[in-house]
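Structural description and commentary
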Amino acid sequence: MEKEKLKDLILSFLPDAEIVTDKQFLNVTVEKGQIHKLAEFLKKTTETCFDYLFCESAVDYADHFMMVYHLDSTKFRHQMVIKTKITDRENPMVDSVCDVWIGAEYHEREIFDLFGIKFNKHPDLRKIFLDNDWVGFPLRKDYVDPINIVER
Amino acid sequence: MKEEDFKDNETLELFKKEGGNVLLSTVDALINWGRSNSIWPLTFATSCCGIEMMAAGASRHDFARFGIEVYRASPRQADVIVVAGTITNKMAPVLKRLYDQMADPKYVIAMGACAISGGPFFYNSYHVIKGVDHVIPVDVYIPGCPPRPEALLYGVMQLQRKIKLDTIGKKKKSSVDI
(Lines give C-alpha, C1' and ligand atoms only; values in the text may rest on other atoms or scores of the structure.)
Protein backbone atom coordinates (compact mmCIF):
# COMPACT_ATOMS: atom_id res chain seq x y z
CA MET A 1 0.00 0.00 0.00
CA GLU A 2 1.23 3.49 -0.83
CA LYS A 3 2.33 5.72 2.03
CA GLU A 4 -0.26 8.38 1.18
CA LYS A 5 -3.11 5.89 1.13
CA LEU A 6 -1.91 4.38 4.39
CA LYS A 7 -1.74 7.84 5.92
CA ASP A 8 -5.33 8.59 4.94
CA LEU A 9 -6.50 5.24 6.27
CA ILE A 10 -4.85 5.78 9.65
CA LEU A 11 -6.13 9.36 9.88
CA SER A 12 -9.66 8.13 9.24
CA PHE A 13 -9.25 5.64 12.08
CA LEU A 14 -7.38 7.92 14.51
CA PRO A 15 -7.83 11.60 13.49
CA ASP A 16 -5.38 12.91 16.13
CA ALA A 17 -2.41 10.73 15.06
CA GLU A 18 0.80 12.58 14.18
CA ILE A 19 2.17 11.31 10.89
CA VAL A 20 5.64 12.03 9.51
CA THR A 21 7.03 10.45 6.35
CA ASP A 22 10.75 9.98 6.01
CA LYS A 23 12.80 8.35 3.24
CA GLN A 24 12.11 4.85 4.45
CA PHE A 25 9.10 4.65 6.70
CA LEU A 26 5.78 6.20 7.48
CA ASN A 27 6.02 7.17 11.17
CA VAL A 28 2.80 7.35 13.12
CA THR A 29 2.87 8.71 16.66
CA VAL A 30 -0.20 8.11 18.80
CA GLU A 31 -1.28 8.51 22.40
CA LYS A 32 -0.19 5.78 24.82
CA GLY A 33 -3.75 4.51 25.32
CA GLN A 34 -4.34 4.09 21.58
CA ILE A 35 -1.31 1.99 20.70
CA HIS A 36 -2.98 -1.37 21.23
CA LYS A 37 -6.09 -0.31 19.34
CA LEU A 38 -3.98 0.90 16.41
CA ALA A 39 -1.87 -2.27 16.42
CA GLU A 40 -4.95 -4.44 16.28
CA PHE A 41 -6.45 -2.28 13.52
CA LEU A 42 -3.29 -2.42 11.38
CA LYS A 43 -3.05 -6.16 11.68
CA LYS A 44 -6.70 -7.00 11.08
CA THR A 45 -7.54 -4.58 8.26
CA THR A 46 -7.35 -6.49 4.98
CA GLU A 47 -5.69 -3.67 2.98
CA THR A 48 -2.86 -3.16 5.50
CA CYS A 49 -2.38 -6.66 6.94
CA PHE A 50 0.65 -5.82 9.08
CA ASP A 51 1.12 -9.37 10.30
CA TYR A 52 4.78 -9.15 11.30
CA LEU A 53 6.37 -7.02 14.05
CA PHE A 54 10.00 -7.11 12.97
CA CYS A 55 11.33 -4.92 15.73
CA GLU A 56 9.99 -3.51 18.94
CA SER A 57 12.21 -1.13 20.82
CA ALA A 58 12.34 1.63 23.39
CA VAL A 59 14.35 4.84 23.24
CA ASP A 60 15.32 6.98 26.23
CA TYR A 61 15.12 10.70 25.41
CA ALA A 62 16.14 11.65 29.00
CA ASP A 63 12.78 13.30 29.80
CA HIS A 64 10.56 10.64 28.28
CA PHE A 65 10.63 7.19 26.71
CA MET A 66 9.50 6.41 23.18
CA MET A 67 8.20 2.99 22.24
CA VAL A 68 8.93 2.18 18.59
CA TYR A 69 7.23 -0.64 16.69
CA HIS A 70 8.48 -1.57 13.22
CA LEU A 71 5.79 -3.36 11.24
CA ASP A 72 5.91 -5.37 8.07
CA SER A 73 3.34 -7.16 5.98
CA THR A 74 4.40 -10.54 4.63
CA LYS A 75 1.52 -10.32 2.17
CA PHE A 76 2.07 -6.86 0.67
CA ARG A 77 5.71 -6.34 1.73
CA HIS A 78 5.11 -2.81 2.94
CA GLN A 79 6.48 -1.44 6.15
CA MET A 80 5.72 1.27 8.67
CA VAL A 81 6.59 2.49 12.13
CA ILE A 82 4.28 3.27 14.99
CA LYS A 83 5.44 5.14 18.05
CA THR A 84 4.14 6.20 21.40
CA LYS A 85 5.53 8.44 24.10
CA ILE A 86 5.79 7.45 27.78
CA THR A 87 6.29 10.49 29.99
CA ASP A 88 6.21 8.80 33.42
CA ARG A 89 9.80 7.78 34.26
CA GLU A 90 9.01 6.56 37.78
CA ASN A 91 6.47 3.95 36.80
CA PRO A 92 6.50 3.68 32.99
CA MET A 93 3.73 1.50 31.66
CA VAL A 94 2.25 0.72 28.27
CA ASP A 95 -0.17 -1.86 26.86
CA SER A 96 1.42 -5.07 25.64
CA VAL A 97 0.96 -6.02 21.98
CA CYS A 98 1.67 -9.72 22.65
CA ASP A 99 -1.91 -10.68 21.82
CA VAL A 100 -1.56 -9.02 18.40
CA TRP A 101 1.96 -10.22 17.50
CA ILE A 102 3.18 -13.15 19.58
CA GLY A 103 6.78 -12.23 18.73
CA ALA A 104 6.45 -9.14 20.89
CA GLU A 105 6.76 -11.30 23.99
CA TYR A 106 10.56 -11.54 24.04
CA HIS A 107 11.02 -7.95 22.80
CA GLU A 108 8.91 -6.70 25.67
CA ARG A 109 10.76 -8.82 28.20
CA GLU A 110 14.01 -7.30 26.94
CA ILE A 111 12.64 -3.76 27.17
CA PHE A 112 11.33 -4.52 30.65
CA ASP A 113 14.77 -5.82 31.64
CA LEU A 114 16.87 -2.99 30.23
CA PHE A 115 14.52 0.03 30.50
CA GLY A 116 12.13 -0.97 33.26
CA ILE A 117 9.04 -0.29 31.17
CA LYS A 118 6.14 -2.45 32.32
CA PHE A 119 3.67 -3.97 29.88
CA ASN A 120 0.02 -4.39 30.79
CA LYS A 121 -1.38 -7.87 30.13
CA HIS A 122 1.97 -9.37 29.15
CA PRO A 123 1.68 -13.14 29.79
CA ASP A 124 5.17 -13.66 31.25
CA LEU A 125 6.90 -10.42 32.15
CA ARG A 126 10.25 -11.23 33.78
CA LYS A 127 13.93 -10.54 33.21
CA ILE A 128 15.54 -12.05 30.12
CA PHE A 129 19.25 -11.06 29.97
CA LEU A 130 20.33 -9.68 33.30
CA ASP A 131 20.77 -11.65 36.53
CA ASN A 132 17.67 -11.99 38.66
CA ASP A 133 19.18 -9.94 41.47
CA TRP A 134 20.22 -7.08 39.18
CA VAL A 135 19.28 -3.61 40.40
CA GLY A 136 18.66 -0.77 37.94
CA PHE A 137 18.02 -0.46 34.24
CA PRO A 138 21.29 -0.18 32.29
CA LEU A 139 20.01 1.31 29.05
CA ARG A 140 18.45 4.31 30.78
CA LYS A 141 20.35 7.55 30.26
CA ASP A 142 20.55 8.19 34.00
CA TYR A 143 21.97 4.75 34.86
CA VAL A 144 25.16 4.89 36.94
CA ASP A 145 27.36 2.06 38.20
CA PRO A 146 30.64 3.34 39.65
CA ILE A 147 31.97 -0.18 40.28
CA ASN A 148 31.61 -1.84 36.89
CA ILE A 149 31.50 1.08 34.46
CA VAL A 150 34.66 2.94 33.46
CA GLU A 151 33.36 6.31 32.29
CA ARG A 152 34.84 8.15 29.37
CA MET B 1 59.06 -23.05 14.23
CA LYS B 2 62.59 -23.33 15.57
CA GLU B 3 63.34 -21.93 18.99
CA GLU B 4 65.96 -19.54 17.64
CA ASP B 5 63.26 -17.84 15.61
CA PHE B 6 61.56 -16.56 18.75
CA LYS B 7 63.99 -13.82 19.57
CA ASP B 8 61.60 -11.34 21.05
CA ASN B 9 60.55 -13.16 24.19
CA GLU B 10 63.20 -15.05 26.06
CA THR B 11 62.00 -14.47 29.61
CA LEU B 12 61.18 -18.08 30.32
CA GLU B 13 64.40 -19.43 28.81
CA LEU B 14 66.52 -16.90 30.71
CA PHE B 15 64.67 -17.74 33.92
CA LYS B 16 65.44 -21.38 33.39
CA LYS B 17 69.09 -20.76 32.51
CA GLU B 18 69.60 -18.81 35.71
CA GLY B 19 68.57 -21.85 37.73
CA GLY B 20 65.12 -20.60 38.63
CA ASN B 21 63.65 -24.03 38.17
CA VAL B 22 64.28 -27.70 38.79
CA LEU B 23 66.58 -29.48 36.32
CA LEU B 24 64.88 -30.59 33.17
CA SER B 25 65.15 -34.33 33.23
CA THR B 26 64.88 -36.70 30.32
CA VAL B 27 61.43 -37.64 31.57
CA ASP B 28 60.36 -34.02 31.50
CA ALA B 29 61.71 -33.62 28.02
CA LEU B 30 59.75 -36.63 26.83
CA ILE B 31 56.51 -35.59 28.55
CA ASN B 32 56.78 -32.00 27.36
CA TRP B 33 57.50 -33.15 23.85
CA GLY B 34 54.29 -35.16 23.93
CA ARG B 35 52.18 -32.49 25.59
CA SER B 36 53.32 -29.59 23.47
CA ASN B 37 52.81 -31.43 20.20
CA SER B 38 49.30 -32.61 20.95
CA ILE B 39 47.28 -29.73 22.33
CA TRP B 40 43.58 -30.24 22.03
CA PRO B 41 41.54 -27.06 22.19
CA LEU B 42 38.05 -26.79 23.63
CA THR B 43 35.24 -25.86 21.26
CA PHE B 44 34.59 -22.54 22.92
CA ALA B 45 34.09 -19.26 21.12
CA THR B 46 31.93 -16.33 22.10
CA SER B 47 32.24 -13.95 19.15
CA CYS B 48 34.15 -12.89 16.03
CA CYS B 49 37.51 -14.20 17.32
CA GLY B 50 35.84 -17.59 17.18
CA ILE B 51 35.42 -17.18 13.42
CA GLU B 52 39.16 -16.53 13.08
CA MET B 53 39.84 -19.55 15.28
CA MET B 54 37.68 -21.67 12.97
CA ALA B 55 39.57 -20.25 10.00
CA ALA B 56 42.83 -21.19 11.70
CA GLY B 57 41.52 -24.71 12.14
CA ALA B 58 40.21 -25.06 8.60
CA SER B 59 42.16 -26.18 5.57
CA ARG B 60 43.75 -22.88 4.54
CA HIS B 61 45.69 -22.28 7.76
CA ASP B 62 45.28 -25.77 9.19
CA PHE B 63 46.75 -25.56 12.67
CA ALA B 64 46.71 -29.32 12.97
CA ARG B 65 50.10 -29.02 11.27
CA PHE B 66 51.45 -27.76 14.59
CA GLY B 67 49.79 -30.37 16.74
CA ILE B 68 46.80 -28.33 17.87
CA GLU B 69 44.97 -31.25 16.60
CA VAL B 70 41.27 -31.49 17.15
CA TYR B 71 38.53 -29.44 18.81
CA ARG B 72 37.00 -31.29 21.70
CA ALA B 73 33.39 -30.66 22.60
CA SER B 74 33.98 -31.68 26.22
CA PRO B 75 36.22 -29.81 28.66
CA ARG B 76 37.23 -33.17 30.13
CA GLN B 77 39.15 -34.00 26.96
CA ALA B 78 40.61 -30.57 26.23
CA ASP B 79 44.07 -29.27 27.06
CA VAL B 80 43.71 -25.64 26.11
CA ILE B 81 40.83 -23.23 26.22
CA VAL B 82 41.11 -20.46 23.67
CA VAL B 83 39.01 -17.64 25.05
CA ALA B 84 37.95 -16.28 21.68
CA GLY B 85 35.67 -13.35 22.27
CA THR B 86 33.89 -11.12 24.75
CA ILE B 87 33.18 -12.57 28.17
CA THR B 88 30.15 -10.96 29.75
CA ASN B 89 29.34 -10.98 33.43
CA LYS B 90 26.77 -13.67 32.77
CA MET B 91 29.21 -15.82 30.76
CA ALA B 92 31.99 -15.60 33.36
CA PRO B 93 30.66 -18.32 35.72
CA VAL B 94 30.23 -20.64 32.73
CA LEU B 95 33.81 -20.00 31.60
CA LYS B 96 35.08 -20.62 35.12
CA ARG B 97 33.18 -23.88 35.32
CA LEU B 98 34.52 -25.02 31.93
CA TYR B 99 38.03 -24.22 33.06
CA ASP B 100 37.53 -26.08 36.35
CA GLN B 101 36.22 -29.12 34.50
CA MET B 102 39.32 -29.39 32.33
CA ALA B 103 41.88 -31.94 33.41
CA ASP B 104 45.41 -30.85 34.33
CA PRO B 105 47.66 -29.87 32.67
CA LYS B 106 45.50 -27.14 31.21
CA TYR B 107 46.35 -23.93 29.43
CA VAL B 108 44.52 -20.75 28.59
CA ILE B 109 44.98 -18.52 25.57
CA ALA B 110 43.32 -15.10 25.70
CA MET B 111 42.62 -14.33 22.07
CA GLY B 112 41.74 -10.81 20.96
CA ALA B 113 41.17 -7.46 22.61
CA CYS B 114 37.97 -8.46 24.43
CA ALA B 115 39.55 -11.41 26.20
CA ILE B 116 42.67 -9.42 27.08
CA SER B 117 41.10 -6.27 28.47
CA GLY B 118 37.47 -5.94 27.48
CA GLY B 119 38.63 -4.24 24.29
CA PRO B 120 35.97 -2.03 22.70
CA PHE B 121 33.73 -2.69 25.71
CA PHE B 122 36.20 -1.29 28.25
CA TYR B 123 34.54 2.13 28.53
CA ASN B 124 30.90 2.81 29.40
CA SER B 125 29.86 -0.81 29.55
CA TYR B 126 28.01 -2.47 32.40
CA HIS B 127 28.19 -6.09 31.36
CA VAL B 128 31.66 -7.11 30.13
CA ILE B 129 34.51 -8.68 32.11
CA LYS B 130 37.49 -6.36 31.57
CA GLY B 131 40.03 -9.05 30.84
CA VAL B 132 39.52 -12.76 31.16
CA ASP B 133 42.44 -12.91 33.59
CA HIS B 134 40.01 -11.67 36.24
CA VAL B 135 38.37 -15.09 36.04
CA ILE B 136 40.98 -17.66 34.97
CA PRO B 137 44.81 -17.59 34.74
CA VAL B 138 46.04 -16.85 31.23
CA ASP B 139 49.17 -18.34 29.63
CA VAL B 140 49.34 -16.52 26.32
CA TYR B 141 47.76 -13.25 25.20
CA ILE B 142 47.16 -12.73 21.49
CA PRO B 143 46.35 -9.10 20.62
CA GLY B 144 44.16 -8.14 17.69
CA CYS B 145 40.55 -7.36 16.98
CA PRO B 146 40.24 -10.10 15.90
CA PRO B 147 43.76 -11.51 15.49
CA ARG B 148 44.47 -13.09 12.13
CA PRO B 149 44.82 -16.89 12.04
CA GLU B 150 48.59 -16.41 11.67
CA ALA B 151 48.58 -14.54 14.97
CA LEU B 152 46.74 -17.42 16.61
CA LEU B 153 49.28 -19.85 15.19
CA TYR B 154 52.08 -17.71 16.57
CA GLY B 155 50.37 -17.57 19.96
CA VAL B 156 49.89 -21.32 20.03
CA MET B 157 53.56 -21.80 19.16
CA GLN B 158 54.47 -19.54 22.07
CA LEU B 159 52.32 -21.77 24.26
CA GLN B 160 54.13 -24.84 22.96
CA ARG B 161 57.40 -23.18 23.81
CA LYS B 162 56.09 -22.48 27.30
CA ILE B 163 54.96 -26.08 27.73
CA LYS B 164 58.40 -27.32 26.73
CA LEU B 165 59.88 -25.51 29.73
CA ASP B 166 57.43 -27.10 32.14
CA THR B 167 58.45 -29.76 34.60
CA ILE B 168 56.54 -32.52 36.33
CA GLY B 169 58.19 -31.59 39.63
CA LYS B 170 56.19 -28.41 39.94
CA LYS B 171 52.50 -28.35 40.62
CA LYS B 172 50.67 -26.11 38.22
CA LYS B 173 48.41 -23.60 39.85
CA SER B 174 45.01 -24.29 38.41
CA SER B 175 42.87 -21.48 39.65
CA VAL B 176 42.97 -17.90 40.85
CA ASP B 177 41.21 -16.28 43.76
CA ILE B 178 38.57 -13.84 42.66
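Everything numeric here is computed off the predicted structure, so don't read it as measured data. (Residues numbered from 1 in each chain as written. Chains lettered and ligands numbered in written order. Predicted model: local features only at pLDDT ≥ 70, side-chain atom pairs only at ≥ 80, totals over all residues.)

What follows covers the confidence of the model for chain B. All names here are of chain B. Averaged over chain B, the pLDDT score is 84; the fraction of residues at 70 or greater is 80%. Here helix α1 (residues 11-17) is the element of chain B with the lowest mean pLDDT, 67, and strand β2 (residues 107-111) is the one with the highest, 94. Model confidence for the complex: the whole-complex pTM is 0.79, and ipTM, which rates the interface, is 0.73. (pLDDT = per-residue confidence, 0-100. Helix = DSSP H or I, 4+ residues; strand = E, 2+ residues; numbered from the N terminus.)

Take the nonpolar core next. With 39 residues, the main nonpolar core has B:Ile81, B:Val82, B:Val83, B:Ile109, B:Ala110 and B:Met111 as its most contacted residues. Put simply, the parts of the chain that give this core at least two residues each are α3 (48-57), β1 (80-84), α4 (92-101), β2, α5 (112-117), β3 (140-142) and α6 (149-164) of chain B. Residues in contact with B:Val83, not counting those within four places in the same chain, are B:Val108, B:Ile109, B:Ala110, B:Met111, B:Ala115 and B:Val132. Residues A:Phe65, A:Leu71, A:Met80 and A:Ile117 belong to the second largest nonpolar core, which totals 29 residues. (Core = buried A, V, L, I, M, F, W, Y, C linked by C-beta atoms within 7 Å. Buried ≥ 20, exposed ≤ 12 C-beta atoms within 10 Å, placed from the backbone. Contact = placed C-beta atoms within 7 Å.)

Let's shift gears to the sheet that holds strand β2 (residues 26-30) of chain A. All names here are of chain A. Taken together, five strands build an open sheet; the order of strands is β1-β2-β5-β4-β3 and the sheet is mixed. Each having just a single partner strand, β1 (18-21) and β3 (52-60) make up the two edges of the open sheet. Averaged over neighbouring strand pairs, the angle between their axes works out to 20° when direction is ignored. Looking at chain direction, strand β4 (residues 65-72) and strand β5 (residues 79-86) are connected through eight bridges and run antiparallel. Bridging from a neighbouring strand, Leu-71 pairs with Met-80 of β5. (Pairing = 2+ DSSP bridges. Axes fitted to C-alpha atoms, helices over the stretch in contact; angles between N-to-C directions.)

Moving on, we get to the interface of chain B and chain A. Taken together, the contact pairs six residues of chain B with eight residues of chain A. Across the side of chain B that touches chain A, the residue classes break down as three nonpolar, two polar and one charged. (Nonpolar A, V, L, I, M, F, W, Y, C, P; charged D, E, K, R; others polar.)

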